[in-house]
Amino acid sequence: MEFKASKFAGVSKVTTHVLQEMKNKNEKIAMLTAYDFSMGRLLDQGGIDVVLVGDSASNVMAGHTSTLPITLNEMIYHGVSVVRAVKRALVVVDLPFGTYQGNSKEALTSAIRIMKETGADAVKIEGGKEILESVQRILSAGIPVMGHLGLTPQSIHKFGTYVVRATEEAEANKLIDDAHLLEEVGCFSIVLEKIPAKLGTRVASELKIPIIGIGAGPGVDGQVLVLHDMLGITQEFSPRFLRRYNDLSTQIQNSVKSYINDVKMVDFPNEKEQY
Ligand code: KIV
């Protein structure tokens, strides 16, 4: 089935208010990650609503096995590159691990650095009640905050595994309470990661703000995927929620092989490709 035309295609800049309007008018929000200028520009030209400069950069750009090692300076570097490319989409930058958890003053300093140095539109932050003071302090400076609940990869050492979250009643109830708290203090949106679809639908229907899912089923207000996963650049990561829209790893490797062959056979450069 093909989506014909977005009521919001004509907006010159997607803002947090536009996202709220999209929820109010039942139009789903499409969000993807980007970490550099070239990809940011392609996503924006393709009409994406939200670009997330995710701390998944730690995995897909730097090759770490978790999101924990990436630093604030590195996130700012990625944020600057993406913001330089994006004209229309809302750009959200993740606050990395260790820059907001323990101390709300430090959280505000980190968020201010991201907003000032990258020119992004908002920050994203993982957690609920336990980081509420940090969220409130950032919001009090007029910085839009996107929450992130469910599987929160920065807490992987606490969970011990990347399995689906909130399948038990107690954890589901905590997630619902946290979502309400984040909405009450003023978050403009929340990402829900890897939770039962029924729970995703419930949170999206109880809350007024847009709920963006990654492995949270179709009943939420929008979806997000990691760009390198959906393009098939990463090969080893294939959770059930991931749909691959391309097989770029094969395409890139085939292109590299063709190039090597052409160089070795002195077929490249040919007469037209020289001065
Ligand atoms: O860092 C990231 O890419 C994310 C998404 C998985 C939502 O937080």
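Residues numbered from 1 in each chain as written. Predicted model: local features only at pLDDT ≥ 70, side-chain atom pairs only at ≥ 80, totals over all residues. Heavy atoms only, no water.

Participant: Now, about the site of the ligand: what can you tell me, with residues and values included?
Facilitator: The local shell around the ligand consists of T33, L52, G54, D55, S56, D94, K124, H148, E193, I214, V224 and V226. Here an oxygen atom of the ligand and a side-chain polar atom of D55 are 3.0 Å apart. One nitrogen or oxygen atom from the side chain of K124 is found 2.8 Å from an oxygen atom belonging to the ligand. When the ligand is considered free in solution it has 260 Å² of accessible area, and contact with the protein chains removes 95% of it. A majority-of-atoms criterion places the ligand in the second largest pocket. (Near = heavy atom within 4 Å. Polar contact = N/O pair within 3.5 Å; in protein donor to acceptor, adjacent residues only side chain to side chain. Areas by Shrake-Rupley, 256 points an atom, 1.4 Å probe, with all protein chains shown as cover. 1 Å grid on protein atoms, 1.4 Å probe; cavity = no way out; pocket = protein on both sides within 12 Å on 5 of 7 lines; lining within 4 Å. Sits in = over half its atoms within 2 Å of the grid points.)

Participant: Can you explain the sheet that holds strand β2 (residues 50–53)? Please cite residues and give values.
Facilitator: Judged by pairing direction, the barrel is parallel, and its eight strands sit side by side in the order β1-β2-β3-β4-β5-β6-β7-β8 before closing back on the first. Strand after strand, the sheet turns through a mean of 25° between neighbouring axes, direction not considered. (Pairing = 2+ DSSP bridges. Helix = DSSP H or I, 4+ residues; strand = E, 2+ residues; numbered from the N terminus. Axes fitted to C-alpha atoms, helices over the stretch in contact; angles between N-to-C directions.)

Participant: A description of the pairing of strand β1 (residues 29–33) should follow, citing residues and the corresponding values.
Facilitator: Counting buried positions along β1 gives four out of five residues, so the element sits mostly inside the fold. Where β1 and strand β8 (residues 222–225) come together, four bridges link them in parallel fashion. Bridge pairing in β8 links A30 to Q223. Here β1 pairs with β2 via three bridges, running parallel. Each residue of the ladder has a partner; that of T33, found in β2, is L52. Note on the crossover from β1 through helix α2 (residues 37–45) to β2: the handedness is right-handed. (Buried < 20%, exposed > 50% of the residue type's maximum accessible area, 1.4 Å probe, protein only. Right-handed = clockwise from strand over helix to strand, strands pointing away.)

Participant: Go over helix α1 (residues 16–24) with me, naming the residues and quoting the values.
Facilitator: Every buried residue belonging to α1 is among T16, V18, L19, M22 and K23, and all of these are buried. The arc that holds the buried residues of α1, viewed along the axis, is 160°, so those residues lie on one side. Phi turns positive one or two residues past the end of α1, at N26, with a value near 60°. (Arc of directions from axis to C-beta.)

Participant: So what's going on with the packing of aromatic side chains? Residues and values would help.
Facilitator: Considering all chains together, one arrives at one aromatic pair under this definition. Its end group placed over the ring of F159, R165 keeps NZ or CZ at 3.8 Å from the ring centre. (Phe/Tyr/Trp six-rings, centres within 6.5 Å; stacked < 30°, edge-to-face > 60°. Lys NZ or Arg CZ within 6 Å of the ring centre and 35° of its normal.)

Participant: Residues and numbers for the domain arrangement of the protein chain, please.
Facilitator: It is common to give the size of an interface as the accessible area lost on bringing the parts into contact. Annotation of the protein chain at the domain level lists domain 1 (16–244) and domain 2 (247–275). Between the C-alpha centres of domain 1 and domain 2 there is a distance of 39 Å. Across the contact, four residues belong to domain 1 and four residues belong to domain 2. For the pairing of domain 1 and domain 2, the buried interface totals around 330 Å² over both sides, and the portion due to carbon and sulfur atoms is 52%. (Domains from an automatic or database assignment. Contact = heavy atoms within 4.5 Å. Buried area = accessible area lost by both parts, 1.4 Å probe.)

Participant: I'd like to hear about the nonpolar core, residue by residue, with values.
Facilitator: Among the nonpolar cores identified, the biggest contains 60 residues, and V123, I138, I190, L192, V203 and I211 are the most heavily contacted of them. With residues near it in sequence (within four places) discarded, I190 still touches G147, H148, L149, A179, L182, L207, I209, P210, I211 and I212. Of all hydrophobic cores here, the second largest spans 18 residues; its members include M22, I29, V50 and L90. (Core = buried A, V, L, I, M, F, W, Y, C linked by side-chain atoms within 4.5 Å.)

Participant: Help me get a handle on the layout of surface pockets, residues and values and all.
Facilitator: Any space left empty among the atoms is revealed by the rolling of a water-sized probe across them. Taken as a whole, the largest pocket spans an internal volume of roughly 1200 Å³. Forming the walls of the largest pocket are 31 residues, and the residues nearest its centre are A30, Q223, V224, L225 and Y245. For the lining of the largest pocket, the elements supplying multiple residues, two or more each, are β1 and β8. Looking at the lining of the largest pocket element by element, the count peaks at four residues for β1. (Points joined across faces, edges and corners; volume = space filled by probe spheres on them.)

Participant: Can you tell me about the side chain of D178, naming the residues and giving the values?
Facilitator: Checked against the element boundaries, D178 lands in helix α8 (residues 169–185). A residue is classified by how much of its surface remains accessible, and D178, at 6% relative accessible area, is buried.

Participant: Quick rundown of unusual backbone geometry? Include the residues and the values.
Facilitator: Residue P269 follows F268 across a cis peptide bond; omega there is -5°. The backbone of N26 sits at a positive phi, close to 60°, despite the residue not being glycine. Note that N26 resides in the loop between α1 and β1. Unusually for a residue other than glycine, A166 sits at a positive phi of about 55°. For A166, the location among the structural elements is in the loop between α7 (156–159) and α8. Of the residues examined, A166 reaches a relative accessible area of 3% and is grouped as buried.

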